[in-house]
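Next come the chains, spelled out residue by residue.
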Amino acid sequence: MSTQNNRDLQIGRFLSGNQQVFTQLLTFVDFSTKFTIGFVEVNFNAEADLLIEGLNNHPISEETQFEVLTFAEDLRFLRDEIVKILPTIKQEPNKKLVLIVRGLEKSIGKFDEYPPVLQDLNWVRDAYKTSVPYPMLFVLPDYGITRLAKFAADFWAWKSGVFLFKTTQATRDDAVARTLDSQRSFRTLETPEKQERIELLESLLMDYSPSHSGSERNPSACSNILHQLGVAYLSQEKPVKAREYLDKALELTKESENLSLQAEVYNELGKAYKQQKQFPAAMNAYQASLSISRELENRRGEANALYYLGNVCQDLRDWEKATVFYQQCLQIEESIGDVYSQASTYEQLGWVAKEMWKLTEAELYYRKALEIFSEYGDRPGMASSWGLLGNIERNRGNWDEAERLYRQSLELRTELGDREGMATSIGCLGEIEMLKGNLDAAEPLLQEALAKMQELGERAKLAEANYDLALLYRKRNNPELAQQHYNTAHQIFEQLGAAKDLERIDREW
């Protein structure tokens, strides 16, 4: 079947599933004149595309010119933007112009009160009659229409039609397969794929929890989707947004008494608080998860919570307590025969030992992790272990051996396309050259690491890269440039609330 035939089939399937509302929409378009407002609810962007193609393919398009105006986020003055666009539209003779507005939901947002774009929509409502004298169709998802009705009530009052299109089962099944049923973790996805999955999850959430009264809801599916959205935003280091979804997920799991999912939600909430440096709140969330897992006799869940508690103690530089949590985690992993997970726990134990300057003990743990990663063919894990072993040799002053390990790690990370890992390894190689006094060799490496970190938006590592360059330029007797990089590092650490890092660089500077 040709691509066009397949597309026609998709359009036909979508419209036949919404035949009645599509007919109502056609009637609205046919009879509307001058400034008239219609709101069209479609939850999935792909189906909004099908609808617009369906309108353009319909005989009504012989008398109607549909112009799609798509807007990016952070829009505030919609009318002003439309007025700018109108003179650029080449109107076809003997056809009525109908404007289709898309993308407004990005500026409406989901949580903030009184979005600026909706405030403006209310204030300049009367001016639309003269400045935009055409029928307008606002194509929005469920939450966009609900929030517009709530926060731009005066504009909403002028509506002449609301058209609610249902999602087809095929679209819903495809979205579930690509999100909830996907075997790929968020953390392994490239940025565009992450964003695509987030949009699919949000569309699914609207489908399973429509805001219309009387519509059927699915609390069980919603709690899963909310949990996944929390995980997604955490992977983008957006803890505030993640918590908005996770708090709602927690509420639903309490209502449904789904303790298993509740324990997982608490773990993600702990991560959100940890990203915000709210360590007591993170500890409480992980402790709640631990209690539930123990109640359910879920040993794997118990080990996870203990691991995360160890991570918080590590951030607090409470090495003794972190070691206790990691050892408890390791004991459970051994008892349930979970060899693979032991590798990560060994790495954390190695990290704590390194910070306590127990380098021999740290090396032992890192080598155990490397052995497991190698046994399981986990190449990213192997690259990580080589880098960590390089850190041990660097701390021992064995710079040649450290360089060998960093290069081994870099080679594998390059092969794997691990851009963040590559940037880290290149930065480590730059540090080694600086320690050796090879400043000419160190500078391009540290600059390359900085450029990669800027590209990736890894702020904590970006601060470290700036600090390394500050040290380099101080050695090169360029105090002005050194101070610039130091100030940048200091500013980023301040924004991140990284008190320990600030204390460290202040002390060393």
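Our subject is the structure that appears above.
Residues numbered from 1 in each chain as written. Predicted model: local features only at pLDDT ≥ 70, side-chain atom pairs only at ≥ 80, totals over all residues. Heavy atoms only, no water.

Colleague: What exactly am I supposed to notice about the sheet that holds strand β3 (residues 96-102) here?
Modeller: The pairing of strands in a sheet comes from backbone hydrogen bonds and takes either a parallel or an antiparallel form. Strand order in the open sheet formed by 5 strands is β2-β3-β4-β1-β5, and the pairing between neighbours is parallel. This sheet does not close on itself; its edge strands, each paired only once, are β2 (64-70) and β5 (159-164). For this sheet the average axis-to-axis angle between neighbouring strands, irrespective of direction, equals 20°. Both strand β1 (residues 36-41) and strand β4 (residues 135-140) contribute to a ladder of 6 bridges, which runs parallel. Bridged to threonine 36 within β4 is proline 135. Strands β1, β2, β3 and β4 of the sheet are contacted by helix α3 (residues 45-57), whose axis makes an angle of about 175° with β3. (Pairing = 2+ DSSP bridges. Helix = DSSP H or I, 4+ residues; strand = E, 2+ residues; numbered from the N terminus. Axes fitted to C-alpha atoms, helices over the stretch in contact; angles between N-to-C directions. Contact = heavy atoms within 4.5 Å.)

Colleague: Would you explain the environment of tryptophan 123 in this entry?
Modeller: Checked against the element boundaries, tryptophan 123 lands in helix α6 (residues 116-123). Residue classification places tryptophan 123 among the exposed residues on the basis of a relative accessible area of 63%. In this structure the C-alpha to C-alpha distance between tryptophan 123 and phenylalanine 155, which are 32 residues apart in sequence, comes to 8.7 Å. (Buried < 20%, exposed > 50% of the residue type's maximum accessible area, 1.4 Å probe, protein only.)

Colleague: So what exactly am I meant to see when it comes to the environment of alanine 221 here?
Modeller: Mapped onto the secondary structure, alanine 221 falls in helix α12 (residues 219-235). Each C-alpha atom, one on alanine 221 and one on leucine 205, is 8.2 Å from the other, the two residues being 16 residues apart in sequence.

Colleague: Looking at this structure, I do not really get the pairing of β4. What am I missing?
Modeller: Along any regular strand the residues' side chains alternate between the sheet's two faces. Counting buried residues in β4 gives 6 out of 6 residues, a clear majority hidden from the surface. Where burial is concerned, the two faces of β4 agree: the one with Pro135, Leu137 and Val139 and the one with Met136, Phe138 and Leu140 are both buried. Two strands pair when backbone bridges link them, and β3 and β4 are joined in this way by 3 bridges, in the parallel orientation. Counted as the bridge partner of valine 101 is phenylalanine 138 from β4.

Colleague: Can you help me understand the side chain of serine 107 in this one?
Modeller: Position of serine 107 among the secondary structure elements: in helix α5 (residues 105-108). The exposure class assigned to serine 107 is buried, which follows from its relative accessible area of 11%. Separated by 2.8 Å, the side chain of serine 107 and the backbone nitrogen of leucine 75 make a polar contact. (Polar contact = N/O pair within 3.5 Å; in protein donor to acceptor, adjacent residues only side chain to side chain.)

Colleague: Please explain the packing of helix α22 (residues 419-436) against helix α23 (residues 439-456) as it appears in this structure.
Modeller: The axes of two packed helices give the description: the angle between them and the distance between them. In contact at an axis separation of 8 Å, α22 and α23 are set at 155° when each is read in the N-to-C sense. Classified by the interaxial angle, the pair formed by α22 and α23 is roughly antiparallel. Handedness of the α22/α23 crossing: left-handed. Side by side, α22 and α23 meet where Arg419, Glu420, Met422, Ala423, Thr424, Ile426, Gly427, Leu429, Gly430, Glu431, Glu433 and Met434 of the first sit next to Leu439, Ala441, Ala442, Leu445, Leu446, Glu448, Ala449, Lys452, Met453, Glu455 and Leu456 of the second. Split by residue class, the contact of α22 with α23 holds 13 nonpolar, 3 polar and 7 charged. (Parallel < 35°, antiparallel > 145°, perpendicular 65-115°, else oblique. Left-handed = near helix turned anticlockwise from the far one by under 90°. Nonpolar A, V, L, I, M, F, W, Y, C, P; charged D, E, K, R; others polar.)

Colleague: Is there a simple way to think about the pattern of salt bridges in this case?
Modeller: Oppositely charged side chains can form a pair if their charged atoms are brought close together. As enumerated under the stated definition, the model contains 33 salt bridges in all. Of the charged contacts in the structure, one is a salt bridge between glutamate 464 and arginine 504, with a shortest N-O distance of 2.3 Å. Of the two residues, glutamate 464 is situated in helix α24 (residues 459-475) and arginine 504 in helix α26 (residues 499-508); the sequence distance between them amounts to 40 residues. Several salt bridges share partner residues, and in doing so they unite Glu363, Arg367, Glu393 and Arg396 into one network. (Salt bridge = Lys/Arg side-chain N within 4 Å of Asp/Glu carboxyl O.)

Colleague: Honestly, the pairing of β2 in this entry has me stumped. Any pointers?
Modeller: Examined bridge by bridge, β2 and β3 share 7 bridges and lie parallel to one another. What sits directly across from valine 68, in β3, is isoleucine 100. Crossover connection from β2 via helix α4 (residues 78-85) to parallel β3: handedness right-handed. (Right-handed = clockwise from strand over helix to strand, strands pointing away.)

Colleague: Got a minute to help me understand the packing of helix α21 (residues 399-416) against α22 in this structure?
Modeller: Contact geometry for α21 and α22: axes closest at 9 Å, N-to-C directions at 160°. What the angle tells us is that α21 and α22 run roughly antiparallel. The handedness of the crossing between α21 and α22 comes out as left-handed. Two secondary-structure elements touch here, α21 through Trp399, Asp400, Ala402, Glu403, Tyr406, Arg407, Ser409, Leu410, Arg413 and Thr414 and α22 through Gly421, Met422, Thr424, Ser425, Ile426, Cys428, Leu429, Ile432, Glu433, Leu435 and Lys436. Tallied by class, residues from the contact of α21 with α22 come to 10 nonpolar, 5 polar and 6 charged.

Colleague: Can you help me understand helix α17 (residues 319-335) in this one?
Modeller: Every α-helical turn comprises 3.6 residues, leaving residues that sit three or four positions apart pointing alike. Over its 17 residues, α17 runs 24 Å from end to end, which matches the ideal 24 Å to within 8%, given 1.5 Å per residue. Three or more residues of α17 are buried, namely Trp319, Ala322, Phe325, Tyr326, Cys329, Leu330, Ile332 and Glu333. Axial view of α17: buried residues confined to an arc of 160°, hence all on one face. Seen from the open side of α17, the exposed residues pointing more than 90 degrees away from its buried face are Glu320 and Gln331. If you follow the buried residues of α17, they end up packed against α15 (279-295), α16 (299-315) and α18 (339-355). Downstream of α17 by a residue or two, glycine 337 has a phi angle that is positive, lying close to 75°. (Expected span 1.5 Å × (residues − 1). Arc of directions from axis to C-beta.)

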